[in-house]
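Here are the chains, one letter per residue:
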Amino acid sequence: FRHGEASEVIVSTPSGHVSFGEHHPIVVVAGPCSVENETMIVETAKRVKTAGAKFLRGGAYKPRTSPYAFQGYGESALDLLAAAREATGLGIITELMDAADLPAVARVADIIQIGARNMHNFSLLKKVGAQDKPVLLKRGMSATIDEWLMAAEYILASGNPNVILCERGIRTFDGKYARNTLDLSVLPVLRSLTHLPIMIDPSHGTGRSEYVPPMAMAAIAAGTDALMIEVHPNPAKALSDGPQSLTPDKFDRLVQDMSVIGKVV
Ligand code: PEP
Ligand code: MN
C-alpha cells in the first residue's frame, strides 16, 4: 500500500508549467488519434486550446492492429506537432514506439506516451526512464494493476520520477457495444496503492464518441487528475479512431459541462 503524499508531475510547456496530481485542477489533453496534415493539426490545436485543453495529443507513430492500416506519418508528423506547439503554446503528448525514435520524439514532446501495447516492453520502459521528459504510461489492454504499477516502476527505477498513469480500457468479453471496458475503479484502487497522478482516456476506453462525455464526467466524479479526449475536425474522414473522436464543438461543450462538476484548468 501507498506510503506518503501524492506526488505531482510538473510539466514545462511553452505557456508555462502544468501540474498533474491529486492536489491540482484537472488537466485536459485533447487532439486527434493521428497527425494527418498541418491544417488539421494546427486548427484542432487552436480549437482545443480555446476550449480549455492544456496539451495537444496526436500520433506520429501509430501502433495499428493491422500492418496494412495507416501507420502514422512518422517524423514529418513530429514536425507538424512542433508547428502546432509553436502556434498555440500547448504542450505536446505523442507516442514513442521504437527506442530509435526517442531523440526525435523527445525534441517535440513535452510528455512521451508509452501506448497500451508497449506497456510490457521493458527495454523501452528503461529507455524512457533514463531520459528527462515526463512519461504517460498507458495500461496494457490485458494488464493487471500490479503489472501496470511494475511497468511504472521500470521507469522510476531507471531514474525518471515523472510518470503519469493512463487507464484506456481493458479487453472485454462483450465488444459489441463498446471497444473496451473503461475501468474507472482504478481511480480509488490506485489512490490506495500509488502516489502517481492518474489520467483517464474515455475515447479508447469506449471506442464510441457518444459514450465519451458521460464517462469523462464519471471519471471526474471518481477523482481523476487528468483526461485524454480524442478530437478530430471531421471524425468521419479520420485516418484512425474516427468513431470515438469528438468534433471540436462537442469537445467544447464537454469541457464546459466538466467545469461544473470539477475544477478544470
Ligand atoms: C492512442 O492514444 O491513440 C493509442 C493508440 O492508445 P492506446 O495505446 O491506449 O491504444
Ligand atoms: Mn487513437
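Criteria and cut-off values
Residues numbered from 1 in each chain as written. Chains lettered and ligands numbered in written order. Predicted model: local features only at pLDDT ≥ 70, side-chain atom pairs only at ≥ 80, totals over all residues. Axes fitted to C-alpha atoms, helices over the stretch in contact; angles between N-to-C directions. Helix = DSSP H or I, 4+ residues; strand = E, 2+ residues; numbered from the N terminus. Left-handed = near helix turned anticlockwise from the far one by under 90°. Contact = placed C-beta atoms within 7 Å. Nonpolar A, V, L, I, M, F, W, Y, C, P; charged D, E, K, R; others polar. Pairing = 2+ DSSP bridges. Buried ≥ 20, exposed ≤ 12 C-beta atoms within 10 Å, placed from the backbone. Expected span 1.5 Å × (residues − 1). Arc of directions from axis to C-beta.

For the chain, an unreviewed UniProt entry supplies the name 3-deoxy-7-phosphoheptulonate synthase and the organism Halotia branconii CENA392.

Participant: An account of the packing of helix α1 (residues 38–51) against helix α2 (residues 75–88) is requested, with residue identities and associated values reported.
Facilitator: A packed helix pair is summarised by two numbers, namely the angle formed by the two axes and the spacing between the axes. Closest axis-to-axis distance for the α1/α2 pair is 9 Å, and the angle between their directions is 35°. The handedness of the crossing between α1 and α2 is right-handed. Contacts between α1 and α2 involve E38, I41, V42, A45, K46 and K49 on the former and, on the latter, L80, L81, A83, A84, A87 and T88. Considered class by class, the residues forming the contact of α1 with α2 number eight nonpolar, one polar and three charged.

Participant: Outline the pairing of strand β1 (residues 9–13), supporting the account with residue identities and numerical values.
Facilitator: Where β1 and strand β2 (residues 16–20) come together, five bridges link them in antiparallel fashion. Bridging from a neighbouring strand, I10 pairs with S19 of β2. Hairpin connection from β1 to β2: two residues lie between these consecutive antiparallel strands.

Participant: Explain unusual backbone geometry to me, using residue names and the numbers behind them.
Facilitator: Glycine aside, negative phi is the norm for most residues, and most peptide bonds take the trans geometry. Residue D241 is not a glycine yet carries a positive backbone phi of 55°. Position of D241 among the secondary structure elements: in the loop between β10 (226–230) and α9 (248–261). Classification of D241 by C-beta neighbours within 10 Å gives buried; the count is 20.

Participant: An account of the sheet that holds strand β3 (residues 27–31) is requested, with residue identities and associated values reported.
Facilitator: Reading around the circumference, β3-β4-β5-β6-β7-β8-β9-β10 is the order of the eight strands in this closed barrel, with parallel pairing throughout. Taken over all neighbouring pairs, the strand axes of this sheet differ in orientation by 25° on average, direction set aside. The pairing of strand β4 (residues 55–57) with strand β5 (residues 91–95) spans three bridges and is parallel. Note that in β5 the partner of F55 across the bridge is G91.

Participant: Which residues make up α9, and what values do they have?
Facilitator: End to end, α9 covers 21 Å across 14 residues, agreeing with the expected 20 Å (1.5 Å per residue, within 8%). Among all positions of α9, only F251, L254, V255 and M258 are buried. End-on, the buried residues of α9 take up no more than an arc of 100°, which puts them together on one face. With respect to the buried face of α9, the exposed residues turned more than 90 degrees away are D249, Q256 and V260.

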